[in-house]
Amino acid sequence: MTLTRRDFLKASAAAAAFATTGTSALNSLRSRAAEAADNAGITWGKAPCRFCGTGCGVLVGVKNGRIVATKGDPQAPVNKGLNCVKGYFLSKILYGKDRLTKPLIRKGNRMVEASWDEAMSLITGKFKESIDRHGPDSVGIYGSGQWTIPEGYAAVKLFKGGIGTNNIEANARLCMASAVVGFMTTFGSDEPMGCYDDLDLGDTFILWGANMAECHPVLFSRLIDNRLRNPKVKIIDFATRHTRTSQMADQYVKFVPQTDLALLNAIAHVIIKEKLYDETFINKHVVFKKGKENIGYGLEDKFKFADDPKPMTFDEYKLFLKPYTTEYAAKLSGVPARTIVEIAHQYADKSRKVCSLWTMGVNEHTRGSWVNNLIYNVHLLTGKICRPGENPMSLTGQPSACGTAREVGTFTHRLPADMVVTNPEHREKTAKIWGIDPKKIPDKPTYHAVEMFRALDRGDIKCLWVQCTNPFQSMPNLNRYRKGARKGDGRFIVVSDIYPTRSTEQADVILPTASWVEKEGMWGNAERRTHHFFKMVEPPGEARNDLWQLIEFARRMGHGPLFPYKYPEKEIFEEYRKFNEGQGKDLAPYEVYTKVRGLRWPVINGKETRYRYVEGHDPYVKAGEGIKFYKNKATNYKAVIWARPYEPAPEVPDGQYPFWLCTGRVLEHWHTGTMTGRVAELKRAYPSAVCEMNPDDARKLGIKNRDKVKVSSRRGSVTLTVDLNGRGKSEPGNIFVAFFDENKLINELCIDAYCPLSGEPDFKKCAVKIEKA
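Note that the coordinates shown come from a computational prediction; the quantities given were computed from them, not determined experimentally.

(A) Structural view of the sheet that holds strand S21 (residues 599–600). Reading across from one edge, S19-S20-S21 is the order of the 3 strands in this open sheet, with antiparallel pairing throughout. Either end of the sheet is taken by a strand with one partner, and the two such strands are strand S19 (521–524) and S21. When S19 meets strand S20 (residues 529–533), the two strands line up antiparallel, connected through 4 bridges. Bridging from a neighbouring strand, Trp 523 pairs with His 531 of S20.

Here is the structure:
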């Protein structure tokens, strides 16, 4: 039997549906249940999904004060009524049997119930004592890309403008920091020029380290739908393991970990050697720069790095690329030279619209900022940028890693709207909006996420408040930081969460928190879309939202005047909008967002912006300017092509530890499984983490499917069940383990090396050995 292209596309669409929902039967069942609920006295409200940074719209059904159903919102422009399997079970994430409902404080080795007044008094007393004895930099807060915009803003304002420390970080440092550096160093402004519409409009999609079928399934479904409608669409998957995304791709290109740097330079080499570049675009819109090389890996405590950019000419850039022949890149990466040439021609083909898409394979990388730069280089060389259907786009993993962590600036070095603490003009503007003396805001960053937990281990940070995240499961080199948290000697840890986690077990105080739609809030997704959601149900027991906790803490610390709000969610957002006005990041008034399914900034006169930096779409680009990278004033409004070399990983397989370990996510679970692990259907579908291994490697070691093995690195070990025939297939010399399982702390094995430019650690590459358990 011969399959036609049409047969293949139909099969692809069916596979996409399977990848998105788990099973088509489950999808149908959940949809019928939601439709039946329409006639059961249920009140429906709209909200963005609680999970990844896609920003899917959902309809939430409430009856008798409880969420009883959810379904995809047909009017939501992101997902158009479709949910992934996690989205279909949103109604269950709030109702686990072990939901935290009362404050708990540590008494000896036990956690005992306490009143809110007792808990907050204890927290305030400990923080004040630490500040009095050791200074404001002895306390800090570690938040999340799941914070709402008002929550993140309140944390920044309190710690930087009230307490007077830059000790604020977020878990988005672990997933998006390299993307931020890539945007800032290339375009002078964070976040993409394109949007999800590109998935519907492009012809060639080149994926770099992105298992979209499992980690961004709704967006991947849009991409596959495009291919079904347009037979010329092609998907190319660059990856170090064969995944469901690879199964759907037209071409799977496997490469040796870390060699994406060499591959992207080789692609640029071909484009230049064969004169496939857009010379007019380059002359008008691009400058060239180089930075430091051999920059280290951040393995030492208190590691410091500052890049030193230098201008270079196009000819000098060509000389830089000269060693990156296809033969050289092929030797390093394992990708055939002819394939590299083919990909270069795909990028340069003037008859095709090309999009690059990437996630953690690029960002969680000791040279993640460089890889982001190199992807942009290819688009800038070919002029394939800022136009519908042809853009580079970094995809996001949390509902507001963009809207809160990045745009609000919940990092040690940042302030809202791309501003930084080291710039006196930025501090001046911030202080004016906050009504404080600019000197109150420290002018030097302190610790990014990895260094923050190192400081806690050393005792430089005494008091740490964790909100909306689970760092004592998600940090790399986890053994060090878990042990450091319980060293005593004045250390005091507060954790605000909805369930017991591997972080609450480290806490001195646990605060029960209101979750999604148990509070009002706003998030921002990966295409610059700002969403609003109303409170729809009451939180259980005495749980209270993170914003209330922060403002109450501020009041008790003597910083109440910073928060003079009667309607905090609205008033904080309106105050925050002042930072964005006139900066190319303009936001609509709060009330507007309550009535729409999100808007993509900049929003000018009520109109959102699909494409940035381009005439006819972006209101900041005047008629006749065409494309203008207007945030890059220092380069005369031009984007930067960077000379970034290949450099090896800090730890590579050897005779003692002969395998690469890569960690990541699976379809059914999200991050550390705090919510999805409480949903019986999702837990049943993927009950525990396994060691995905290549069958040839297993055979050599005498290991069979479902055998128990001990996986060890230089930092720790974990016992896992081997999976040789699962949905993913590791290449020889590689293994993959998901990090959602709190009983299999795979991050104990991960090295805490990080990109020196971004501070983002590498969860994708370390050396391990495998032994029969």
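That was the structure; now back to the text.
(B) Layout of the nonpolar core. Membership of the largest hydrophobic core comes to 63 residues, with the highest contact counts inside it found for Phe 187, Trp 208, Tyr 317 and Phe 629. No other element matches helix H11 (residues 260–273), which puts 10 residues into this core. Those residues in contact with Phe 629 that sit more than four places away from it in its chain are Phe 187, Phe 281, His 285, Leu 380, Ile 385, Cys 386, Tyr 613, Tyr 637, Lys 638 and Ala 639. Formed by 58 residues, the second largest nonpolar core is a distinct cluster that contains Phe 159, Ile 163, Ile 168 and Tyr 593.

(C) Representation of the sheet that holds strand S3 (residues 66–72). Taken in spatial order, the 3 strands line up as S1-S2-S3 in an open sheet, and their pairing is antiparallel. At either end of the open sheet lies a strand with only one pairing partner, and these are strand S1 (43–48) and S3. Each strand of the sheet is rotated relative to its neighbour by a mean of 30 degrees, with strand direction disregarded. The pairing of S1 with strand S2 (residues 57–63) spans 6 bridges and is antiparallel. Of the residues in S2, the one forming a bridge with Pro 48 is Gly 57.

(D) Structural context of the packing of H11 against helix H13 (residues 314–321). Packing of H11 against H13 brings their axes to within 9 Å, and their N-to-C directions diverge by 125 degrees. Compared by their axis directions, H11 and H13 come out oblique. Like other packed secondary-structure pairs, H11 and H13 cross with a definite hand, here left-handed. Facing Asn 265, Ala 268, His 269 and Ile 272 of H11, the residues of H13 in contact are Phe 314, Tyr 317, Lys 318, Phe 320 and Leu 321. Its residues assigned to classes, the contact of H11 with H13 shows 6 nonpolar, 2 polar and 1 charged.

(E) Structural view of the pattern of salt bridges. For the structure shown, the criterion picks out 59 salt bridges. Asp 508 serves as the salt-bridge partner of Arg 106, at 4.0 Å between the closest nitrogen and oxygen. Taken together, the residues Arg 106 in strand S4 (residues 104–107) and Asp 508 in the loop between strand S17 (492–497) and strand S18 (509–512) connect sequence positions 402 residues apart. For Arg 106, a relative accessible area of 22% puts it in the partly exposed group. Taking relative accessible area as the criterion, Asp 508 reaches 12% and is therefore assigned buried. Put simply, Arg 454 and Glu 451 hold a salt bridge, and the shortest N to O gap is 2.9 Å. Separated by 3 residues within a single helix, Arg 454 and Glu 451 lie in helix H20 (residues 449–458), roughly one turn from each other. Among the residues examined, Arg 454 registers a relative accessible area of 0% and is labelled buried.

(F) View of the side chain of Lys 462. When you line up the elements, Lys 462 lands in the loop between H20 and strand S16 (463–467). Assessed through its relative accessible area of 12%, Lys 462 is described here as buried. At 3.3 Å, the side chain of Lys 462 forms a polar contact with the backbone oxygen of Gly 459. Sequence-distant contacts of Lys 462, that is, excluding residues within four places in its chain, are made with Ser 130, His 134, Ser 138, Asp 489, Gly 490, Arg 491 and Phe 492.

(G) Highlighting the side chain of Arg 612. Locating Arg 612 in the fold gives a position in the loop between S21 and strand S22 (639–643). Separated by 3.3 Å, the side chains of Arg 612 and Tyr 613 make a polar contact. Aside from chain neighbours lying at most four places away, what touches Arg 612 is Ser 189, Asp 190, Glu 191, Pro 192, Met 193, Cys 386, Arg 528, Gly 584, Lys 585, Trp 601, Asp 618 and Lys 631.

(H) Unusual backbone geometry, seen in detail. Here the bond from Trp 601 into Pro 602 is cis, since omega is 0 degrees, no more than 30 degrees from zero. Examined against the element boundaries, Pro 602 turns out to sit in the loop between S21 and S22. Of note in the backbone geometry, Gln 258 takes a positive phi value of approximately 85 degrees without being a glycine. Tracing the backbone shows Gln 258 in the loop between strand S11 (251–254) and H11.

(I) Highlighting the pairing of strand S5 (residues 110–113). Here 4 bridges tie S4 to S5, and the two strands are oriented antiparallel to one another. Within S5, the position partnered with Arg 106 by the bridge is Met 111. Taking the residues that link successive antiparallel strands as the turn, the S4-S5 hairpin has 2 residues, and the phi of Gly 108 there is positive, at about 65 degrees.

(J) Fine view of the environment of Arg 665. With respect to the helices, strands and loops of the structure, Arg 665 is situated in the loop between strand S23 (659–664) and helix H26 (680–685). Given a relative accessible area of 13%, Arg 665 falls into the buried group. Along the primary structure Arg 665 and Glu 214 are separated by 451 residues, whereas in three dimensions their C-alpha atoms are 7.7 Å apart. Those residues in contact with Arg 665 that sit more than four places away from it in its chain are Cys 52, Cys 215, Gly 397, Trp 670, His 671, Phe 736 and Phe 739.

(K) Broad picture of the packing of aromatic side chains. Tallied over the entire structure, the rule returns 36 aromatic pairs. Taking the ring centre of Tyr 95 as reference, the NZ or CZ of Arg 66 above it sits at 3.8 Å. The ring of Trp 642 has Arg 644 lying over it, and the distance from NZ or CZ to the ring centre is 4.0 Å.

(L) Focus on empty space enclosed by the protein. Per the counting criterion, the structure on display carries 4 cavities of 30 Å³ or more. A volume near 120 Å³ is recorded for the second largest cavity. Lining the second largest cavity are 14 residues, and of these Cys 49, Cys 52, Cys 56, Cys 84 and Val 218 sit closest to its centre. Among the secondary structure elements, those contributing two or more residues to the lining of the second largest cavity are helix H3 (85–88) and helix H9 (217–229).

(M) Geometry of the packing of helix H14 (residues 326–333) against helix H15 (residues 337–348). With their axes 8 Å apart at the nearest point, H14 and H15 run at an angle of 115 degrees to one another. As H14 runs across H15, the sense of the crossing is right-handed. Residues Thr 326, Glu 327, Ala 329 and Ala 330 of H14 pack against Ala 337, Ile 340 and Val 341 of H15. Classifying every residue of the contact of H14 with H15 gives 5 nonpolar, 1 polar and 1 charged.

(N) Structural detail: H14. Of all the residues in H14, the buried ones are Thr 326, Ala 329, Ala 330 and Ser 333. Angularly, the buried residues of H14 cover 105 degrees about the axis, an arc narrow enough to put them on a single face. Pointing more than 90 degrees away from the buried face of H14 are the exposed residues Glu 327 and Lys 331. Of the surrounding secondary structure, the elements contacted by the buried residues of H14 are S11, H11 and H15. A positive phi of about 85 degrees marks Gly 334, the residue just after H14.

(O) Just helix H19 (residues 424–434), in detail. All of the buried residues in H19 are Arg 427, Thr 430, Ala 431, Ile 433 and Trp 434. Angularly, the buried residues of H19 cover 160 degrees about the axis, an arc narrow enough to put them on a single face. Opposite the buried face of H19, by more than 90 degrees, sit the exposed residues Pro 424, Glu 425 and Lys 432. In this fold, the buried residues of H19 make contact with helix H5 (149–163) and helix H24 (568–580). Of the residues flanking the start of H19, the one acting as N-cap is Asn 423, its side-chain oxygen 2.9 Å from the backbone nitrogen of Glu 425. Directly beyond the C-terminal end of H19, a positive phi value near 75 degrees is found at Gly 435.

Cut-off values and rules
Residues numbered from 1 in each chain as written. Predicted model: local features only at pLDDT ≥ 70, side-chain atom pairs only at ≥ 80, totals over all residues. Heavy atoms only, no water. Pairing = 2+ DSSP bridges. Helix = DSSP H or I, 4+ residues; strand = E, 2+ residues; numbered from the N terminus. Core = buried A, V, L, I, M, F, W, Y, C linked by side-chain atoms within 4.5 Å. Buried < 20%, exposed > 50% of the residue type's maximum accessible area, 1.4 Å probe, protein only. Contact = heavy atoms within 4.5 Å. Axes fitted to C-alpha atoms, helices over the stretch in contact; angles between N-to-C directions. Parallel < 35°, antiparallel > 145°, perpendicular 65-115°, else oblique. Left-handed = near helix turned anticlockwise from the far one by under 90°. Nonpolar A, V, L, I, M, F, W, Y, C, P; charged D, E, K, R; others polar. Salt bridge = Lys/Arg side-chain N within 4 Å of Asp/Glu carboxyl O. Polar contact = N/O pair within 3.5 Å; in protein donor to acceptor, adjacent residues only side chain to side chain. Phe/Tyr/Trp six-rings, centres within 6.5 Å; stacked < 30°, edge-to-face > 60°. Lys NZ or Arg CZ within 6 Å of the ring centre and 35° of its normal. 1 Å grid on protein atoms, 1.4 Å probe; cavity = no way out; pocket = protein on both sides within 12 Å on 5 of 7 lines; lining within 4 Å. Points joined across faces, edges and corners; volume = space filled by probe spheres on them. Arc of directions from axis to C-beta.

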